[in-house]
Structure formats: C-alpha cells, structure tokens
Amino acid sequence: MRRQRTTDEPPRTTSSKVVAIEPLWTIHDVSKYLGVPVGTLYQWRHRGMGPPAVRLGKHLRYQPAAVRTWVTEQVA
C-alpha cells in the first residue's frame, strides 16, 4: 500500500538532468543570420549545398548548431 503524502511534506523530486533545447530556426532566421536572401537558401537546398534543414509538414526548420557548424565548414 502507498503512503499518503501529507500537505506539509514537500513533493519528491528525481535527480534528472534538465537539458535546455535551443528552438529551431525558420528559414527567415537563417536568412538573417547568414545575411543571404530566403530564395538563396531555397536554391542551396535544392542543389544540396546549404545548411542541413528538416521539413516539418510544409515548413523548413534548421538546428542552430548545425547551421553554425555548416558556416565554419565553409571557411576555406
């Protein structure tokens, strides 16, 4: 049988790590970050040249860390 918690007893917490998840970027966010037009990002994606993106329904989303990594890889 489970013991009932009294009202003056604090709730128990588990020791789990809280991982902060950075929100995904829209194509407009990436356009602003890179300083290129949205149309250029669509062309790069079509040609397989741009930063990696994921399609969520009809929307493209970018992981900020992946975009930053892609930028550093472009430096010659």
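Structure shown above.
Residues numbered from 1 in each chain as written. Predicted model: local features only at pLDDT ≥ 70, side-chain atom pairs only at ≥ 80, totals over all residues. Heavy atoms only, no water.

A.B. asks: Which parts of the structure should I look at to understand helix α1 (residues 27-34)?
C.D. replies: Structural remark: α-helix, 3.6 residues per turn; residues separated by three or four positions point the same way. Those residues of α1 lying buried are Ile27, Val30 and Ser31. Looking straight down α1, one finds its buried side chains confined to an arc of 105 degrees; they lie on one side. Facing away from the buried side of α1, by more than 90 degrees, are the exposed residues His28 and Lys32. Residues of α1 that are buried sit in contact with α2 (38-47), β2 (59-61) and α3 (64-74). Where α1 ends, the next residue or the one after it, Gly35, has phi of about 75 degrees, a positive value. (Buried < 20%, exposed > 50% of the residue type's maximum accessible area, 1.4 Å probe, protein only. Helix = DSSP H or I, 4+ residues; strand = E, 2+ residues; numbered from the N terminus. Arc of directions from axis to C-beta. Contact = heavy atoms within 4.5 Å.)

A.B. asks: Sorry, what's going on with the packing of aromatic side chains here?
C.D. replies: The geometry of an aromatic ring pair is captured by the separation of the ring centres together with the interplanar angle, meaning the angle of the planes. Throughout the structure, instances matching the rule amount to two aromatic pairs. With 5.5 Å between their ring centres and 45 degrees between their planes, Trp44 and Trp70 make a pair best called tilted. Taken together, the residues Trp44 in helix α2 and Trp70 in helix α3 connect sequence positions 26 residues apart. With relative accessibility at 13%, the residue Trp70 sits in the buried group. (Phe/Tyr/Trp six-rings, centres within 6.5 Å; stacked < 30°, edge-to-face > 60°.)

A.B. asks: What is the right way to read the packing of α1 against α3 from this model?
C.D. replies: The relative placement of two packed helices comes down to the angle between their axes together with the axis-to-axis distance. Where α1 contacts α3, the axes come no closer than 12 Å and their chain directions differ by 35 degrees. As α1 runs across α3, the sense of the crossing is right-handed. Packed against α1, whose contacting residues are Val30, Tyr33 and Leu34, the element α3 presents Val67, Arg68, Trp70 and Val71 at the interface. The residue makeup of the contact of α1 with α3, split by class, is six nonpolar, no polar and one charged. (Axes fitted to C-alpha atoms, helices over the stretch in contact; angles between N-to-C directions. Left-handed = near helix turned anticlockwise from the far one by under 90°. Nonpolar A, V, L, I, M, F, W, Y, C, P; charged D, E, K, R; others polar.)

Spatial relationships are all this shows, so hold off on functional conclusions.
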